Amino acid sequence: MGITALGGCMSQDGEGIVSRMKTAPFGAGQSKKTDTADAGSFVITSLQARSSVLPSGSAYEQVATPVLAANSRAAESELKSARLRSEAQSKNWLPTIGPSISLTSLSDAVTSIVVDAVLYSGGKKKAERAFAKADVEVAAVNLAVDTNERVHTALSLYLAGQEAREKSAMLSAALKDMKHFEWIMTERVKGGVSDMSDLNVIRHKLAKMHAELSAETDAAASAIAELNAMSVRKLDAVQGVSKIVVARGSVQPLSVMHAEAEKTRSIASAKIDRAGYLPTVTASANSNGGGITGSIAPENPIGLGMGANLEAIKATEEAAGRRVAQAREEADRRIAKYGAQASALARQAAEAQALTGQAKANLDLFQSQYDAGQRQVMDVVGVYETYATQAQAAIELKYSLAAANLEMARELGLLADGSEI
């Protein structure tokens, strides 16, 4: 059973206008060149080149590594699927072979092999390959976003746990000192030196500190438990806050890269739709003989609504470009906000640390004056409460600054190495 096929009359991309037709062995003159999913992709190359801002061996890295190891990575499956689709589309310019069964009478059936080839598609085949490649880029950006979001969630939980732990340690020390003041006041009340109202005030402050300590202890346990649920190993022993440096203009935000990849995909889709209104030249060869048959016809029927459809396709391309501009503006606004917040918080944290030092020095002075009989117990208690409040404020600002830096790194996609993703 001889099979004839088409060669020489079709360009490698399936877009060349027919200049001649001749029969030849199947595959003659065909190039083996195909498009790969990542070849020449600026988006994927840019993602792979990104380096994490998390310092090597730091507490942040000790959290991020086991958390990523436990990631189910649903986005990775989507990327793999998109790669396979792109690989399949990279060969869409080749002829297709399929069986054909037809009835010649009520009792006879004829089976044959048919070879179909698209000689000219008005750019549709090329646009289909571009769409599949852009689909890979969108999936790659989604994977990078998903990975950075996971690391950010884990580190946010870690910071919440560390902040609560640090506050708990400070409150525990303050509670110990306040209990000492309560004992002193109790003895003074027993001796008739002080009034019961002063003891009640101290006991109220003591109860308030107990409640705050319990709340911070519960918050720390909750954050660490949630973090451990995301990790392949327990992270209770990890301590400390790492300093990260984020260069604002070093890389393009992931949200902008996602918008640009979607723009490329939308334009490719619009080209596919537009090509449907252009004539498509196809040729077929049957194993049962009959030579080569051809057809020239548009895929979409031409009607009164064709003009509006073409305008809609053009508007789709324009809308895709505007979405990129909007994404870039919104990303710039968020980055500017995070940068301003980080600068303000760094200044406020330094001021709060200095104020805490002054409050501690004032407390030490009042304590020495009390020991010398120049101050009352309630004077020292009031100063101690001021010091404890200021110390808590300093801790909050310290972790707010760390959180702002993480937000900036997440926006830029710098919480994980691109080559490892």
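Fair warning: this is a prediction, and the values are worked out from it, not measured in the lab.

So, how was this worked out
- Residues numbered from 1 in each chain as written.
- Predicted model: local features only at pLDDT ≥ 70, side-chain atom pairs only at ≥ 80, totals over all residues.
- Heavy atoms only, no water.
- Axes fitted to C-alpha atoms, helices over the stretch in contact; angles between N-to-C directions.
- Helix = DSSP H or I, 4+ residues; strand = E, 2+ residues; numbered from the N terminus.
- Parallel < 35°, antiparallel > 145°, perpendicular 65-115°, else oblique.
- Left-handed = near helix turned anticlockwise from the far one by under 90°.
- Contact = heavy atoms within 4.5 Å.
- Core = buried A, V, L, I, M, F, W, Y, C linked by side-chain atoms within 4.5 Å.
- Buried < 20%, exposed > 50% of the residue type's maximum accessible area, 1.4 Å probe, protein only.
- Salt bridge = Lys/Arg side-chain N within 4 Å of Asp/Glu carboxyl O.

(A) Geometry of the packing of helix α5 (residues 196-230) against helix α8 (residues 377-412). Interhelical geometry of α5 versus α8 gives an angle of 20° and a closest axis separation of 11 Å. One element, α5, and the other, α8, form an angle in the roughly parallel class. Considering the relative orientation of α5 and α8, their crossing is left-handed. Here D198, V201, I202, K205, M209 and E212 of α5 come into contact with α8, specifically with V377, M378, V381, E385, A388 and Q392.

(B) Layout of the packing of helix α4 (residues 124-190) against α5. Direction vectors running N to C along α4 and α5 enclose 160°, while the axes themselves pass 7 Å from each other. One element, α4, and the other, α5, form an angle in the roughly antiparallel class. As α4 packs across α5, the resulting crossing turns out to be left-handed.

(C) View of the side chain of Q162. The topology assignment puts Q162 in helix α4. Other than its neighbours up to four places away in sequence, Q162 contacts V238, Q239, G240 and Y399.

(D) Highlighting the nonpolar core. Ranked by internal contacts, the top residues of the largest apolar core, which has 55 residues, are Y60 and V63. Where this core is concerned, the elements lending two or more residues are α2 (59-69), α4, α5, α7 (306-371) and α8. If you tally residues by element for this core, the top one is α8, at 15 residues. Other than its neighbours up to four places away in sequence, Y60 contacts L54, L155, Y158, L159, V241, S242, I244, A402 and L406. One finds L79, V136, V141 and L143 within the second-largest nonpolar core, a separate group that totals 13 residues.

(E) View of the pattern of salt bridges. Counting across every chain of the model gives 15 salt bridges. Between E182 and R203 there is a salt bridge, with its nearest N and O atoms 3.3 Å apart. In this pair, E182 sits in helix α4 while R203 sits in helix α5, placing the two residues 21 residues apart along the sequence. On the basis of relative accessibility, which here comes to 19%, the residue E182 falls in the buried class. Across the salt bridge formed by K360 and D364, the nearest N and O atoms sit 2.8 Å from each other. In this pair, K360 and D364 both sit in helix α7, four residues apart, roughly one turn of the helix. A relative accessible area of 33% means that K360 is categorised as partly exposed. Among the residues examined, D364 registers a relative accessible area of 39% and is labelled partly exposed. Through salt bridges with shared partners, one network takes in D135, E262 and R265.

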